[in-house]
Amino acid sequence: MLQKPIIKTELPGPKAKQIIEEDTEYVTSSFNRYPYKLVVEKGYGVWVEDTDGNVFMDCNAGIAVCSTGHCHPEVVKAITQQTQTLIHMCGTNYYYRHLPALAKKLDELVPIKSPTRTYFANSGAEAVETALKLAIYHTKRQKFISFMGSFHGRSLATLSLTASKKIHQVGYMRQVLDVVHVPYPNKLRSPFAGVTDDESAATAVINYIENFVFKTTTPAEDVAGIVVEAIQGEGGYFPSPPNFLKELRRICNENGILLIVDEVHSGMGRTGKMFATEHYDVEPDIICASKGIASGLPIGVCVARKDIMNWPPGSHASTFGGNPVCIASALKTIELLENGLTENARIVGNYLKDGLLKLQDKYDCIGDVRGLGLMIGVEIVESKQTMKPTAELRDRIETACYNRGLLIFGGGGVSVIRWAPPLILTKQNVDVALNIFDEAVMASI
Ligand SMILES: Cc1ncc(COP(=O)(O)O)c(C=O)c1O
């Protein structure tokens, strides 16, 4: 079994360069490629191979998607078998067993005690968009509260919620939905005075919502939903402070507002529990998942309390939603998560975090290490004393890792390196990854 990356050409290699050239010519210029340029040919387990035969350890999992690793044999088998019997029929117009099978499984898994129903979408944004439409439909209200640093997608409606980077917004002129953005409880950089820890960070935000937002621009009785990530993903892997989601739940209960938790990034075993919300002992009204649910096939789900998801036939649907091949992959993925991978994420995640915390002690440029399970953020700063984020150093470290055969991804917050490896990662893989990361930091400072 492969233990270490193999780099045998200059990077990117000659074949990769040719593909990058054609991509630049013909593919939309809106895709945001990383500082390093990787042209992937194949993937197996935690490894990906580029077009020139270089082998990298993938600690991104296709941006937190390939939860069971690349091309897990059992997932490949489930997909292959499904393609031999039914590829598409349009579940919004016909019935097939796969739809209720996954919906029933999700009803068992989601942290919502009351009976639920599931809407099948094709992406994370589409799942969140569904939650927004459903919330408006159900409450007959139109306003939403979202958080600074959040990412919920780039479709026009979800873009109204998203607040992680200016580039997502610039040129689109206005929010389609009526969304008020409030600060996310961030003890490192809070706009509120007197914030020193998680608890004071959360209290300040709750106070701001109840005593400023509700009393001025946004009466609580007009708010359809509060939309929150249990762990901010694109924002830089910030877990919610312990009581924050519970306090949001209280606000929602007191004001007839729906609590919509976006677990597109944090869900499906990544944090050591099936849903990150479970770490907080809170019940959302609506929960969205996507990325990790089907090991790489495109599917999103919006799961809501049954008494909320009772809209009439025709009120929301999409041709490909709930495609049987994607569902076959999702059911197999969930089986693997339940049979050990979620627990592995917890154990190996703790091991990885411990190793990164040791590197934080060693390097002044590692300002913070945070996260749950295999969703870990490493904040790169000028120094621990200033805690000033430095995207430039972050990019250098990321590229130095790539040159040594380790794939990690930046793009979180201003200067956060994100670790979201496949949940099959072993402690032995972690040792190799941490060695490379250590070397890369050393070479970049
Ligand atoms: C929390 C969260 N919500 C929604 C989305 C949007 O998902 P997609 O890119 O599949 O539309 C993302 C994507 O990164 C995400 O991290």
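Residues numbered from 1 in each chain as written. Predicted model: local features only at pLDDT ≥ 70, side-chain atom pairs only at ≥ 80, totals over all residues.

Regarding the overall build of the protein
Turning to step 1, where the next piece is worked out: Regarding its fold elements, the protein presents 12 helices and 17 strands.
Turning to step 2, where the next piece is worked out: The globule rule puts the C-alpha radius of gyration for 445 residues at 22 Å, and the 21 Å found for the protein is close to it.
Turning to step 3, where the next piece is worked out: The principal-axis extent of the C-alpha atoms belonging to the protein is close to 60 × 60 × 45 Å.
Turning to step 4, where the next piece is worked out: Expressed as a percentage of its 445 residues, the buried residues of the protein come to 50%.
Turning to step 5, where the next piece is worked out: The contacts of the protein with a sequence gap of at least 6 include a subset with a gap of at least 24, amounting to 72%. (Helix = DSSP H or I, 4+ residues; strand = E, 2+ residues; numbered from the N terminus. Rg over C-alpha atoms; globule rule 2.2 N^0.38 Å. Buried ≥ 20, exposed ≤ 12 C-beta atoms within 10 Å, placed from the backbone. Contact = placed C-beta atoms within 7 Å.)

Describing the nonpolar core
Turning to step 1, where the next piece is worked out: Among the nonpolar cores identified, the biggest contains 121 residues, and Ala131, Val301, Cys302, Leu374 and Leu406 are the most heavily contacted of them.
Turning to step 2, where the next piece is worked out: Considering every element that reaches this core, the biggest residue donor is helix α10 (residues 324-362), with 13 residues.
Turning to step 3, where the next piece is worked out: Among all residues touching Val301, those that are not within four sequence positions of it are Leu106, Thr118, Phe120, Ala121, Ala127, Cys288, Ala289 and Ile293. (Core = buried A, V, L, I, M, F, W, Y, C linked by C-beta atoms within 7 Å.)

Concerning helix α12 (residues 427-444)
Turning to step 1, where the next piece is worked out: Over its 18 residues, α12 runs 25 Å from end to end, which matches the ideal 26 Å to within 8%, given 1.5 Å per residue.
Turning to step 2, where the next piece is worked out: Along α12, the positions that sit buried rather than exposed are Asn429, Val430, Ala433, Ile436, Phe437, Ala440 and Val441. Projected onto a plane normal to the axis of α12, the buried residues spread over an arc of 135 degrees and lie on a single side. Exposed side of α12, more than 90 degrees from the buried face: Lys427 and Gln428 are the residues found there.
Turning to step 3, where the next piece is worked out: Buried positions along α12 lie against β3 (55-58), α10, α11 (391-403) and β15 (406-407). (Expected span 1.5 Å × (residues − 1). Arc of directions from axis to C-beta.)

Describing unusual backbone geometry
Turning to step 1, where the next piece is worked out: Note the cis peptide between Leu11 and Pro12, where omega equals -15 degrees.
Turning to step 2, where the next piece is worked out: In this structure, Cys71 is a non-glycine residue whose phi angle is positive, near 50 degrees.
Turning to step 3, where the next piece is worked out: Looking at where Cys71 falls in the secondary structure, it is placed in the loop between α2 (61-64) and α3 (73-83).
Turning to step 4, where the next piece is worked out: A tally of 15 C-beta atoms within 10 Å means that Cys71 is categorised as partly exposed.
Turning to step 5, where the next piece is worked out: Residues other than glycine seldom take positive phi values, yet Asp281 does so here, at roughly 55 degrees.
Turning to step 6, where the next piece is worked out: Examined against the element boundaries, Asp281 turns out to sit in the loop between β10 (258-262) and β11 (286-289).

Comments concerning the site of the ligand
Turning to step 1, where the next piece is worked out: In the region of the ligand, 14 residues are neighbours, and Ser123, Gly124, Ala125, Val264 and His265 sit closest.
Turning to step 2, where the next piece is worked out: The element that contributes the greatest number of residues to the shell around the ligand is helix α5 (residues 124-139), accounting for 3 residues.
Turning to step 3, where the next piece is worked out: Here the shell around the ligand is built from residues that sort into 4 nonpolar, 7 polar and 3 charged. (Near = placed C-beta within 6 Å. Nonpolar A, V, L, I, M, F, W, Y, C, P; charged D, E, K, R; others polar.)

Section: the environment of Trp47
Turning to step 1, where the next piece is worked out: If you trace the backbone, Trp47 turns up in strand β2 (residues 47-50).
Turning to step 2, where the next piece is worked out: Trp47 sits in the buried class, given 21 other C-beta atoms within 10 Å.
Turning to step 3, where the next piece is worked out: C-alpha of Trp47 to C-alpha of Leu407: the two residues are 360 residues apart in sequence and 9.6 Å apart in space.

Observations concerning the sheet that holds strand β12 (residues 300-305)
Picture the strands of a sheet paired through backbone hydrogen bonds; they go either parallel or antiparallel.
Turning to step 1, where the next piece is worked out: Strand order in the open sheet formed by 7 strands is β4-β12-β11-β10-β7-β5-β6, and the pairing between neighbours is mixed. Each having just a single partner strand, β4 (116-121) and β6 (178-182) make up the two edges of the open sheet. When the angles between neighbouring strand axes are averaged without regard to direction, this sheet yields 20 degrees.
Turning to step 2, where the next piece is worked out: Examined bridge by bridge, β4 and β12 share 6 bridges and lie antiparallel to one another. (Pairing = 2+ DSSP bridges. Axes fitted to C-alpha atoms, helices over the stretch in contact; angles between N-to-C directions.)

Description of the sheet that holds β3
Turning to step 1, where the next piece is worked out: As summarised here, the arrangement of the 4 strands in space is β1-β2-β3-β15, forming an open sheet in which the pairing is mixed. One side of each edge strand has no neighbouring strand; the edge strands of this open sheet are β1 (40-44) and β15.
Turning to step 2, where the next piece is worked out: Sheet topology note: the β3/β15 ladder contains 2 bridges and is parallel. Paired with Met57 across the strands is Leu406, a residue of β15.

Thoughts on the pairing of strand β14 (residues 375-380)
Turning to step 1, where the next piece is worked out: Here β14 lies mainly inside the structure; 6 of its 6 residues are buried.
Turning to step 2, where the next piece is worked out: Neither face of β14 is left uncovered, since the one carrying Met375, Gly377 and Glu379 and the one carrying Ile376, Val378 and Ile380 both have all their residues buried.
Turning to step 3, where the next piece is worked out: Relative to β14, strand β13 (residues 366-372) runs antiparallel, the two sharing 6 bridges. Residue pairing in the sheet places Asp368 in a bridge with Glu379 of β14.
Turning to step 4, where the next piece is worked out: The turn joining β13 and β14, which pair antiparallel and follow one another in sequence, is formed by 2 residues; a positive phi near 60 degrees is taken by Gly373.
Turning to step 5, where the next piece is worked out: As paired elements, β14 and strand β17 (residues 416-419) share 4 bridges and run antiparallel to each other.

A few points about the packing of helix α8 (residues 198-213) against helix α9 (residues 244-255)
Turning to step 1, where the next piece is worked out: Between α8 and α9, whose axes approach to 10 Å, the crossing angle comes to 15 degrees. In terms of their interaxial angle, α8 and α9 are classed as roughly parallel. α9 is crossed by α8, and the crossing has right-handed handedness. Contact residues: α8 offers Ala202, Ile206, Ile209 and Glu210, while α9 offers Phe244, Glu247 and Ile251.
Turning to step 2, where the next piece is worked out: Taken together, the residues that form the contact of α8 with α9 break down as 5 nonpolar, no polar and 2 charged. (Parallel < 35°, antiparallel > 145°, perpendicular 65-115°, else oblique. Left-handed = near helix turned anticlockwise from the far one by under 90°.)

Comments concerning α3
Residue pairs spaced three or four apart in an α-helix point in one direction, given the helix's 3.6 residues per turn.
Turning to step 1, where the next piece is worked out: Of all the residues in α3, the buried ones are Val75, Ala78, Ile79 and Gln82. All buried residues of α3 lie within an arc of 95 degrees about the axis, which places them on one face of the element. Along α3, exposed side chains directed more than 90 degrees from the buried face belong to Pro73, Lys77, Thr80 and Gln81.
Turning to step 2, where the next piece is worked out: Looking at the buried residues of α3, the elements they touch are α10.

Quick word on the environment of Arg117
Turning to step 1, where the next piece is worked out: Structurally, the position occupied by Arg117 is in strand β4.
Turning to step 2, where the next piece is worked out: The class for Arg117 is partly exposed, based on 17 C-beta atoms found within 10 Å.
Turning to step 3, where the next piece is worked out: Considering only alpha carbons, one finds Arg117 and Val303, 186 residues apart in sequence, at a separation of 5.7 Å.
Turning to step 4, where the next piece is worked out: Ignoring anything within four residues of it in the chain, the contact list for Arg117 reads Ala103, Ala304, Lys306 and Met309.

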